[in-house]
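In case you want the letters, here they are:
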Amino acid sequence: MKSATQKTLHAIGGRSMLHHSLQAAADLNPEHIVAVVGHQRDQVGPAVDAIASDLQREVVQAIQAEQNGTGHAVGCGLAAIEDFEGTVIVTNADVPLLRAETIDKLRTAHVDNGNAVTVLSIKLADPTGYGRIVRNDAGEVTAIVEHKDASDAQRDIDEVNSGVFAFDSQVLRDGLGKLDSNNSQGELYITDVVEIARAAGHRVGAFVAEDANELQGVNDRVQLAAAGAELNARMVEQAMRNGATIIDPASTWIGVDVTIGRDVLIHPGTQLWGATHIDDDAVIGPDTTLTDMKVGRGAKVIRTHGERSVIGPDANVGPFTFIRPGTDLGEGGKLGGFVEAKNAQIGRGSKVP
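Treat the numbers as computed from the prediction; the structure is a model and nothing was measured.

Colleague: In this structure, what is going on with the overall build of the protein? I would like to understand it.
Modeller: Assigned secondary structure in the protein consists of 8 helices and 29 strands. In terms of principal-axis extent, the alpha carbons of the protein reach across some 75 × 40 × 35 Å. A burial count over the protein gives 46% of its 353 residues as buried. Expressed as a percentage of contacts within the protein between residues at least 6 apart in sequence, the contacts between residues at least 24 apart total 43%. Looking at the protein as shown, the accessible area adds up to about 16800 Å², and 46% of this sits on carbon and sulfur atoms. Charge separation in the protein, taken as the distance between the mean sites of 31 positive and 48 negative side-chain charges, equals 7 Å.

Structure (structure tokens):
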């Protein structure tokens, strides 16, 4: 990322990638959530605590003092819940688009098929850089081979490992104890547990995700922007399917915590962030940015920048208006062109031109 900020703390849709990943885990209501914290844990640790508070549930932190591969990381996480028996799901904090519904489908396939290990796989037109899913003639998964270690024939395989797994906890513990670093990276790969489990006679399967876009990994700013655009497309579509009209989806940005009512009209160049709520029949934009705002029913907000304030029903705001925190514009009120307000209580029907 070429940044002083740890990779998973970069945000899309108004939340850090770490927050998106922990939110998806929490939505499954699992018995435990463990966050493995290693590189730059002075930043990540406090962020995990803050997210856990927001989710209103415990997130255990497992410290990975030295980064020795994915297998080592999972081992650190499993040590934090050493008495747990059941299904262990392994996900990654740099895959922010993964939905809880997809993880739950992986879990269901894992349990229903009686698997010891189930890989969440995807199919890609260009699988370069991904670990390949190797199957036998019966379609069973026999191995996951990292791109750097793959043969030419294996590199032709288009089904790849997403980095998300379901494991039987005991099989996982046994497999982690048998890992070695005899590979091009000199690291312990969690993917090697697949071969170890199969060699021990356990059933190994793969569940192919319906939407490969969900498993986009983010390793640089270009990929961060791509993931952000994909997430925004979801939010815009959701708003439209819930009854809002969005004139130009390509220039409209909606954060994941924003709520939008029915028959809302959103003009081009609008950005809605934080816990902003737009009530029914409101008109927003063009060229408007609102953060943590409440906009009442039938209000019109044009070419305005506002944060942490309230715009009452049937109020009119703009153009070129700056609403600073603590402003409360009453029903039918007006903040006109080139007006700035802060900590202002503007009564019902009052007009500030």
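More follows now that the structure is in view.
Colleague: Even after reading the chapter, I still don't get the sheet that holds strand β23 (residues 316-317), so can you show me in this structure?
Modeller: The strands making up a sheet are joined through hydrogen bonds of the backbone, oriented either antiparallel or parallel. With respect to topology, 7 strands assemble into an open sheet ordered β11-β14-β17-β20-β23-β26-β29, the strand pairing being parallel. Strands with a single pairing partner mark the edges of an open sheet, and in this sheet they are β11 (245-246) and β29 (351-352). Across 2 bridges, β11 lies against strand β14 (residues 265-266) in parallel orientation. Residue pairing across strands places I246 opposite I266, the latter belonging to β14.

Colleague: How do you make sense of the packing of helix α1 (residues 17-26) against helix α2 (residues 41-55) when you look at a structure like this?
Modeller: The description of two helices packed together rests on the angle between their axes and the distance between the axes. Relative to each other, α1 and α2 sit at 40°, their axes nearing to 10 Å. By the criterion of interaxial angle, the relationship of α1 to α2 is oblique. The way α1 lies across α2 gives a crossing that is right-handed. Residues L18, H19, L22, Q23 and A26 of α1 lie in contact with α2, whose contacting residues are V44, A47, V48, I51, D54 and L55. In terms of residue class, the contact of α1 with α2 is made up of 8 nonpolar, 2 polar and 1 charged.

Colleague: Hey, could you run me through the sheet that holds strand β27 (residues 340-341) in this one?
Modeller: The strand order across the open sheet built from 6 strands is β12-β15-β18-β21-β24-β27, with neighbouring strands paired in parallel fashion. Only two strands of the sheet have a single partner each, and these edge strands are β12 (253-254) and β27. When strand β15 (residues 270-273) meets strand β18 (residues 288-291), the two strands line up parallel, connected through 4 bridges. Within the sheet, the bridge partner assigned to W273 lies in β18 and is T291.

Colleague: Would you mind showing me how to read unusual backbone geometry here?
Modeller: Most peptide bonds take the trans configuration, and most residues that are not glycine carry a negative phi. The omega torsion of the bond from G285 to P286 falls at 5°, within 30 degrees of zero and hence cis. For the peptide bond that leads from G318 to P319, omega is 0°, which places it in the cis range. Positioned with a positive phi, Q40 is a non-glycine residue whose angle comes to about 55°. Its location among the elements puts Q40 in the loop between β3 (34-37) and α2.

Colleague: Sorry, what's going on with the pairing of strand β6 (residues 117-123) here?
Modeller: Regular strands show a simple pattern: their side chains alternate between the two faces of the sheet. With 6 of 7 residues buried, β6 lies mostly within the body of the structure. The pairing of β6 with strand β9 (residues 159-168) spans 7 bridges and is classified as antiparallel. Among the inter-strand pairings, V119 is bridged to a residue of β9, identified as F165.

Colleague: Sorry if this is basic, but what is going on with the nonpolar core here?
Modeller: What tends to happen in soluble globular proteins is that the nonpolar side chains get buried as a cluster. Core analysis: the largest hydrophobic core is formed by 38 residues, its most contacted members being I260, I278, V295 and I311. In terms of residue count, helix α8 (residues 221-241) provides more of this core than any other element does, 6 residues in total. Contacts of I278, omitting those with residues within four sequence positions, involve T259, I260, G261, V264, L272, I284, L290 and V295. By size, the runner-up hydrophobic cluster in this structure holds 25 residues, among which are I133, V141, F165 and L172.

Colleague: Mind showing me how you'd approach helix α7 (residues 192-199) here?
Modeller: Three- or four-residue spacings in an α-helix give side chains the same orientation, since the helix completes a turn every 3.6 residues. Residues of α7 that are buried include every one of D192, V193, V194, I196 and A197, and no others. Among the structural elements, β6, β8 (141-145), β9, α6 (169-176) and β10 (204-208) are those in contact with the buried residues of α7.

Reading the values: the criteria
- Here, residues in each chain are numbered from 1, in the same order as that chain's written sequence.
- Local features in a predicted model are, by the rule used here, given only for residues with pLDDT of at least 70; side-chain atom pairs are given and counted only at 80 or more, and totals for whole chains, interfaces and linings are based on all residues.
- Only hydrogens and water are set aside when side-chain values are computed; all heavy atoms of the structure are taken into account.
- Under the scheme used here, helices are H or I runs from DSSP no shorter than 4 residues and strands are E runs no shorter than 2 residues, and both carry numbers assigned from the N terminus.
- Residue exposure (1.4 Å probe, protein chains only): buried if accessible area is under 20% of the type maximum, exposed if over 50%, otherwise partly exposed.
- Any two residues whose heavy atoms approach within 4.5 Å are treated as being in contact.
- Here, Shrake-Rupley sampling with a 1.4 Å probe gives the accessible areas, and only protein chains in the shown set may cover a residue.
- Only four residue types enter the tally: Lys and Arg on the positive side, Asp and Glu on the negative side; His and the chain ends are excluded.
- By convention, charge coordinates are those of NZ in Lys, CZ in Arg, CG in Asp, or CD in Glu.
- Two strands pair if DSSP finds at least two bridges between them.
- With axes taken as lines fitted to C-alpha atoms, and helix axes fitted only over the stretch in contact, angles between N-to-C directions fall between 0 and 180 degrees.
- Every angle not falling under 35 degrees, over 145, or within 65 to 115 is termed oblique; those three ranges are roughly parallel, roughly antiparallel and roughly perpendicular.
- Should the near helix be turned anticlockwise from the far one by less than a right angle, the crossing is termed left-handed; should it be turned clockwise, right-handed.
- Ten residues, namely Ala, Val, Leu, Ile, Met, Phe, Trp, Tyr, Cys and Pro, are considered nonpolar, four, namely Asp, Glu, Lys and Arg, are considered charged, and the remaining ones, Gly among them, are considered polar.
- To qualify as a nonpolar core, a set must consist of buried Ala, Val, Leu, Ile, Met, Phe, Trp, Tyr and Cys residues joined through side-chain atoms within 4.5 Å.

Honestly, it's all geometry; don't read function into it.
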